[in-house]
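Here are the chains, one letter per residue:
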Amino acid sequence: MMIRFLPLLTKINQVLLIMLFTGLLMFGKHTNAQTPEAEKNFQVCKACHNIDGPKLIGPNLAGVTERRTTEWLIKFIKNSQEVIQSGDPIAVQLFEEYNRIPMPPNPLSDDQIMDLLAYIENGGKVADEYAQAAPTDEQVAQKQALVEEMQAKHAQKEARLIELERDANRNFGTTFIITLIILIVVLFDLLVTKVIKARFVHTIIILVSVFIIGEILYKEATMLGRQQYYQPEQPVWFSHKIHAEQNKIDCNYCHSSVEKGKSAGIPSTQLCMNCHNVVRSGKITGTVEIAKVLESWETGKPIEWIRIHNLPDHVYFNHAQHVQVGKLDCAECHGQVEKMDEVMQVHDLSMGWCLECHRKTEVQFTSNSFYATYEKLHEQLKNGQIKKVTADMVGGDNCMKCHY
């Protein structure tokens, strides 16, 4: 009797196997689907990588799943520096080959990375079932409204800066002129007309006038060459917040001479094109601002960026000395630039400000070979005579260091 049911059992097993296989295919398609989330996550990668095309900061990603194992890719994408520091030969070779520019860690789950790899395998396209429709008129209108709002803010900021500058000049200028006129009138009366008989009145007015004029001259003289809160309108609207904070582009990539030279350097159009050869539109400005970069590239005419942080000509400042040797973070002098859409000078950069920093900033003395010749200070540290070495103790308060 059992023999009679064997063909039926065989057919049931075949149906179950087909259902299981189909289910696995559907599961695989779901877990490796190129979803809109993968497209969104790839925007971070896009700052340094093309899938196919000209190389940017990092290698092209086409075929990466064939060149590397999935396990290795997941580890490297999550924290490339950890893999490099473990001595992995492939990771170390990539790091050296691409100018030792670290890839920032990515807080993605394994499933998100698998989804991202599937998106790359698919040539940078989402799966058909996730394909998004063209933006609606409402979405286009919202984007346009954002652009107009940004332009209005720029206009308001420029008008406010002009107003503040005009008010400041008018207040100082008007006070100076009125005081000077009073002083001249009083002196003329004292020496010529002699209308006011009491000499003490002349004396008091002259002393007060001289004090006010002297105070104005002193303030104007001390502010010469300083421009705290200076925030000029640049020829291209460039957001450090988007580039440095959201896209995690390292400061040293654009300001490449900061560890080697006196100046941090201003990136050339060619450097901008490493990314903007592909990225032709921004979420806020659309194509308007990036088009200026493309025009500069095509015409060969450099963008005339406006320098923000300036020091008087008689002051010497070296970025390499502070960044490479002193190990100072950019924010120490420039503030939280990565949070600024438009960069502003946040400190006055006065001599008093620099000296105060030198007196409180501890030098990485024992671990830095640059200070190996300071034998006396090393001996004092060893004997416990001093607990730390600050910048002023190695010449940071010497006038000739900055004004030779």
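Everything that follows concerns the structure shown earlier in this document.
A short tour of the structure in this document, coming up. (Residues numbered from 1 in each chain as written. Predicted model: local features only at pLDDT ≥ 70, side-chain atom pairs only at ≥ 80, totals over all residues. Heavy atoms only, no water.)

## Focus on the overall build of the protein
Thought 1: Helix and strand content of the protein: 18 helices and zero strands.
Thought 2: Within the protein, the fraction of its 404 residues that count as buried is 28%.
Thought 3: Considering only residue pairs separated by 6 or more positions, the protein has 65% of its internal contacts joining residues 24 or more positions apart.
Thought 4: Just so you have it, the protein exposes about 27,400 Å², and 60% of that area is on carbon and sulfur atoms. (Helix = DSSP H or I, 4+ residues; strand = E, 2+ residues; numbered from the N terminus. Buried < 20%, exposed > 50% of the residue type's maximum accessible area, 1.4 Å probe, protein only. Contact = heavy atoms within 4.5 Å. Areas by Shrake-Rupley, 256 points an atom, 1.4 Å probe, with all protein chains shown as cover.)

## Regarding the packing of aromatic side chains
Thought 1: Scanning the model with the defined rule gives seven aromatic pairs in all.
Thought 2: Between Phe-365 and Tyr-374, the aromatic rings sit 6.1 Å apart at their centres with planes inclined by 75°, giving edge-to-face as the arrangement.
Thought 3: By relative accessible area, which is 26% here, Tyr-374 ends up partly exposed.
Thought 4: Taken together, a centroid distance of 5.1 Å and an interplanar angle of 90° make the contact between Phe-370 and Tyr-371 edge-to-face.
Thought 5: Under the relative-accessibility criterion, Phe-370 is labelled partly exposed at 46%. (Phe/Tyr/Trp six-rings, centres within 6.5 Å; stacked < 30°, edge-to-face > 60°.)

## With respect to the nonpolar core
Thought 1: Phe-42, Trp-72 and Ile-120 are the most contacted members of the largest nonpolar core, which totals 24 residues.
Thought 2: Taken together, the elements giving at least two residues each to this core come down to α2 (36–46), α4 (70–78), α5 (80–85), α6 (89–97) and α7 (110–121).
Thought 3: Once residues lying within four places of it in the same chain are set aside, the contact partners of Trp-72 are Val-83, Asp-88, Ile-90, Ala-91 and Leu-94.
Thought 4: Core analysis: the second largest hydrophobic core is formed by nine residues, Val-363, Phe-365, Leu-377 and Val-394 among them. (Core = buried A, V, L, I, M, F, W, Y, C linked by side-chain atoms within 4.5 Å.)

## A closer look at helix α12 (residues 269–276)
Thought 1: When you tally the buried positions in α12, you get six out of eight residues, the bulk of the element.
Thought 2: Where α12 is concerned, the buried positions are Thr-269, Leu-271, Cys-272, Met-273, Cys-275 and His-276.

## Side note on unusual backbone geometry
Thought 1: In the Ramachandran plot, Lys-248 falls in the positive-phi region, its phi being about 60° despite a non-glycine side chain.
Thought 2: A positive phi angle is found at Leu-349, which is not glycine, with a value near 55°.
Thought 3: The residue Leu-349 is located in the loop between α15 (331–334) and α16 (351–360) in this model.
Thought 4: Accessibility expressed as a relative area gives 16% for Leu-349, which makes it buried.

## Brief notes about the side chain of Asn-106
Thought 1: Summarising the element assignment, Asn-106 is placed in the loop between α6 and α7.
Thought 2: Separated by 3.0 Å, the side chain of Asn-106 and the backbone oxygen of Ile-77 make a polar contact.
Thought 3: Filtering out sequence-adjacent residues up to four positions away, Asn-106 remains in contact with Val-44, Ile-77 and Lys-78. (Polar contact = N/O pair within 3.5 Å; in protein donor to acceptor, adjacent residues only side chain to side chain.)

## Let's talk about a nonpolar patch on the surface
Thought 1: Taken together, Ile-177, Ile-181 and Val-185 make up a surface patch of nonpolar side chains, about 280 Å² in accessible area.
Thought 2: Counting through the fold element by element, Ile-177 comes out in helix α8 (residues 137–193). (Patch = residues over 30% accessible without salt bridge, like charges linked within 9 Å, V, L, I, M, F, W, Y side chains within 5 Å. Salt bridge = Lys/Arg side-chain N within 4 Å of Asp/Glu carboxyl O.)

## Observations concerning the environment of Thr-203
Thought 1: Within the fold, Thr-203 resides in helix α9 (residues 199–222).
Thought 2: Owing to a relative accessible area of 42%, Thr-203 belongs among the partly exposed residues under this scheme.
Thought 3: Along the primary structure Thr-203 and Val-186 are separated by 17 residues, whereas in three dimensions their C-alpha atoms are 9.1 Å apart.

## Thoughts on the packing of α12 against helix α13 (residues 288–299)
Thought 1: Contact geometry of α12 with α13 gives a least axis separation of 10 Å together with a crossing angle of 125°. Considered as vectors, α12 and α13 are oriented oblique to each other. The chirality of how α12 crosses α13 is left-handed. On α13, the residues touching Thr-269, Gln-270, Cys-272, Met-273 and His-276 of α12 are Ile-290, Val-293, Leu-294, Ser-296 and Trp-297.
Thought 2: Of the residues that constitute the contact of α12 with α13, the class distribution is six nonpolar, four polar and no charged. (Axes fitted to C-alpha atoms, helices over the stretch in contact; angles between N-to-C directions. Parallel < 35°, antiparallel > 145°, perpendicular 65-115°, else oblique. Left-handed = near helix turned anticlockwise from the far one by under 90°. Nonpolar A, V, L, I, M, F, W, Y, C, P; charged D, E, K, R; others polar.)

## Notes on the pattern of salt bridges
Thought 1: The tally for this structure, following the rule as stated, stands at five salt bridges.
Thought 2: A salt bridge links Glu-215 to Lys-219; its shortest N-O distance comes to 3.8 Å. Within this pair, Glu-215 and its partner Lys-219 are both found in helix α9, separated by four residues, close to a single helical turn.
Thought 3: In this structure, Glu-289 engages Lys-292 in a salt bridge whose closest nitrogen and oxygen atoms are separated by 3.2 Å. Placement of both Glu-289 and Lys-292 in helix α13 is noted, with a separation of three residues, approximately one turn of the helix.

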